[in-house]
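Chain by chain, the residues run as shown.
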Number of protein chains: 2
Amino acid sequence: MDDLILHEDPRSGNCFKIRLTAALLGKRIQRVQYDIMNGETRTSEFLQNVNANGRIPVLQIGNRFLPESNAACWYLAEGSPLIPAEAFDRADMLRWMFFEQYNHEPNIATLRFWLMFVGESNLSTFQRDQIMAKRAGGEAALAVMDEHLSARDWFVGDSVTLADLSLYPYTHVCEAGGFRLYDYPAVCRWLNRVSGLPRYVSMD
Amino acid sequence: MDDLILHEDPRSGNCFKIRLTAALLGKRIQRVQYDIMNGETRTSEFLQNVNANGRIPVLQIGNRFLPESNAACWYLAEGSPLIPAEAFDRADMLRWMFFEQYNHEPNIATLRFWLMFVGESNLSTFQRDQIMAKRAGGEAALAVMDEHLSARDWFVGDSVTLADLSLYPYTHVCEAGGFRLYDYPAVCRWLNRVSGLPRYVSMD
């Protein structure tokens, strides 16, 4: 088994996804930390050796590098119950993971990053002009999740899958981006289900 | 085998991904068409019966509905050579599909939609203010692709996979969004490789 090394910023929910997946599976992962606020993932060394796209997380497997948080979770979870055995459910799990990257993360994670780490007074006019649209997009994503979870415990099938682990990290800290979890009761119950899983670890 | 029905707008590259994947696999798909410009995916009937997220494409498999283009491609391709047999390569293919939804589509597809279908003179100030950022984001995505393809024929491994089929549709029509393919010679050679595949079908 190749060594697993996570290139990460511990404040990133995308990085937390991978640590949470590894923890639930009982897999050990080494951590190498970068400060994205100081451009540490944009150095020529990082771009050449870790990820030409200049982003974390990257999961290093031996001497091979795998960017994209959801792809890294997939790699860790193959062959485990975190990926459903049935073909439609497996594709449906990926559906929620693509939803997460398209409808959820760019709105909810970005507002958290802007408001909590950059600071509202430091935002550019361009960023400030996008707040309302990202607020609406994030609320729409949370509403879709809440409706889906109103009659079921997990996103796909009858137990936790990568769909849950992909959507959990930025949802459970969405209030830092100005979203109100109180408005999404089924989401709140589901958050408690995830954090109650055996071997759950918290975000740093 | 359940009947396959694609709920689509034929002008959408996300929908074309699924038709192209099905064509290369020799799978037959029925098509139900919606005009997204007329809000036909926002009707209460569509939201209730097809996709609560109000988006196409949705692949209907018997009486089950699978949104998200890349998840639908995955469903169609499981067990075929379009998904690599080796674990790292399989995750690496998903990596490029998540890259496509995060770094490529929101920039390249959106600019094509705005400039070709909405029309520059009909854009809102909010949309107009985003053009420069989406141009830069799209160019960065094309540059990452061009660098990756400069020393290889396909995104993952030695033959076509869903990574190629996911990135092809909006790349091959990116000039409608104001991008210049001429600047990305390795991408151009790869586009010809995809369109030269046996059973290739063109976008409507």
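Residues numbered from 1 in each chain as written. Chains lettered and ligands numbered in written order. Predicted model: local features only at pLDDT ≥ 70, side-chain atom pairs only at ≥ 80, totals over all residues. Heavy atoms only, no water.

As annotated in an unreviewed UniProt entry, chain A carries the name Glutathione S-transferase and is attributed to Novosphingobium malaysiense.

## Thoughts on the UniProt feature "domain: GST N-terminal" (unreviewed entry) in chain A
Rules: UniProt positions are given in the numbering used here, feature names are shortened, and annotations may be inferred rather than shown by experiment. Strands here mean DSSP runs of E at least two residues long; helices mean DSSP runs of H or I at least four residues long; both are numbered from the N terminus.
According to UniProt, the "domain: GST N-terminal" (unreviewed entry) feature falls on residues 2-84 of chain A. Annotated as 34% helix and 20% strand, the span residues 2-84 of chain A places its first and last C-alpha atoms 25 Å apart.

## Some points on the nonpolar core
Inclusion rule: Buried Ala, Val, Leu, Ile, Met, Phe, Trp, Tyr and Cys residues that are joined via side-chain atoms within 4.5 Å together make up what is termed a nonpolar core. For each residue, the accessible area found with a 1.4 Å probe, counting protein chains only, is set against the maximum for its type, and the residue is called buried under 20%, exposed over 50%, and partly exposed in between.
Ranked by internal contacts, the top residues of the largest apolar core, which has 122 residues, are Leu162 and Trp190 of chain A together with Leu162 and Trp190 of chain B. A per-element tally of this core places helix 4 (residues 87-118) of chain A first, with 13 residues.

## As for the pairing of strand 1 (residues 4-8) of chain B
On a regular strand, one side chain projects to one face of the sheet and the next to the other, so that they alternate. All names here are of chain B. What counts here: The path from the first strand over the helix to the second decides the hand: if it runs clockwise while the strands point away from the viewer, the crossover is right-handed.
In terms of residue burial, strand 1 counts as a mostly covered element, since 5 of its 5 residues are buried. The side-chain alternation of strand 1 yields two buried faces, one formed by Leu4, Leu6 and Glu8 and the other by Ile5 and His7. In this view, the connection linking strand 1 to its parallel neighbour strand 2 (residues 30-33) by way of helix 1 (residues 13-25) has right-handed handedness.

## A closer look at the domain arrangement of chain A
Residues and elements named next belong to chain A. Spelled out, the test is: For the domains described, the bounds stem from an automatic or database domain assignment. Residue contacts are counted whenever heavy atoms from the two residues lie within 4.5 Å of one another. Buried area: the accessible area, evaluated with a 1.4 Å probe, that two parts lose upon being put together, summed over both parts. Any Lys or Arg side-chain nitrogen located within 4 Å of an Asp or Glu carboxyl oxygen qualifies as a salt bridge.
In terms of domains, chain A is made up of domain 1 (4-77) and domain 2 (87-195). Using only C-alpha atoms to locate each centre, domain 1 and domain 2 end up separated by 20 Å. With 17 residues of domain 1 at the interface, the matching set in domain 2 holds 18 residues. In total, about 1400 Å² of surface goes out of reach between domain 1 and domain 2, with carbon and sulfur atoms giving 71% of it. Looking only at domain 1, the three residues that lose the most surface to domain 2 are Lys17, Asn70 and Trp74, adding up to 34% of its buried area. Our count for the contact surface shared by domain 1 and domain 2 stands at 1 salt bridge. Where lysine 17 meets glutamate 100, a salt bridge forms, and the shortest distance between an N and an O atom there is 2.8 Å. When residues of the side of domain 1 that touches domain 2 are traced back to their parent elements, those giving at least two are helix 1 (13-25) and helix 3 (69-77).

## What to know about a nonpolar patch on the surface
All names here are of chain B. Using the following cut-off: Patch definition: residues with relative accessible area over 30% and no salt bridge; like charges joined within 9 Å; nonpolar side chains (Val, Leu, Ile, Met, Phe, Trp, Tyr) joined within 5 Å. A 1.4 Å probe and the Shrake-Rupley method give the accessible areas. Residues count as covered only by the protein chains that appear here.
A contiguous nonpolar patch, built from Ile36, Met37 and Phe113 and spanning about 220 Å² of accessible area, is present on the exposed surface. Checked against the element boundaries, isoleucine 36 lands in the loop between strand 2 and helix 2 (44-49). Classification of isoleucine 36 as partly exposed rests on a relative accessible area of 33%.

## A word on the pattern of salt bridges
Residues and elements named next belong to chain B. A full pass over the atoms with the stated rule returns 20 salt bridges over all chains. Of the charged contacts, one joins arginine 31 and glutamate 8 as a salt bridge, the two residues approaching to 2.5 Å between their closest N and O atoms. You can see arginine 31 sitting in strand 2 and its partner glutamate 8 sitting in strand 1, a full 23 residues away along the chain. Residue class for arginine 31 comes out partly exposed when judged on its relative accessible area of 33%. In this structure, arginine 11 and aspartate 9 form a salt bridge, with 2.9 Å as the shortest nitrogen-oxygen distance. Its relative accessible area of 31% is what places arginine 11 among the partly exposed residues.

## Some points on the interface of chain A and chain B
Chain A puts 37 residues into the contact, and the matching count from chain B is 37 residues. Taken together, the two surfaces of chain A and chain B that pack against each other cover about 3400 Å², and 66% of this comes from carbon and sulfur. Area buried by chain A at its contact with chain B is led by Phe88, Phe98 and Tyr102 of chain A, which between them contribute 23% of it. Viewed at the interface, chain B and chain A are joined by 4 salt bridges. The closest approach of N and O atoms between glutamate 86 of chain B and arginine 64 of chain A, which form a salt bridge, is 3.6 Å.

## Here's the deal with the environment of histidine 104 of chain A
Residues and elements named next belong to chain A. Put simply, the test is: Whenever two N or O atoms come within 3.5 Å, that pair is a polar contact, provided that in protein one can donate a hydrogen and the other can accept it, and provided that, for residues adjacent in sequence, both atoms are side-chain atoms.
Note on placement: histidine 104 falls in helix 4. The buried category is assigned to histidine 104, whose relative accessible area is 0%. When the C-alpha positions of histidine 104 and phenylalanine 88 are compared, they lie 22 Å apart, and in sequence the two are 16 residues distant. Histidine 104 has contacts with Phe99, Ala109, Ala141, Leu142, Met145, Leu167, Tyr170 and Thr171, leaving out every residue within four places of it along the chain. Among the polar contacts made by the side chain of histidine 104, one reaches the side chain of threonine 171 at a distance of 2.8 Å.

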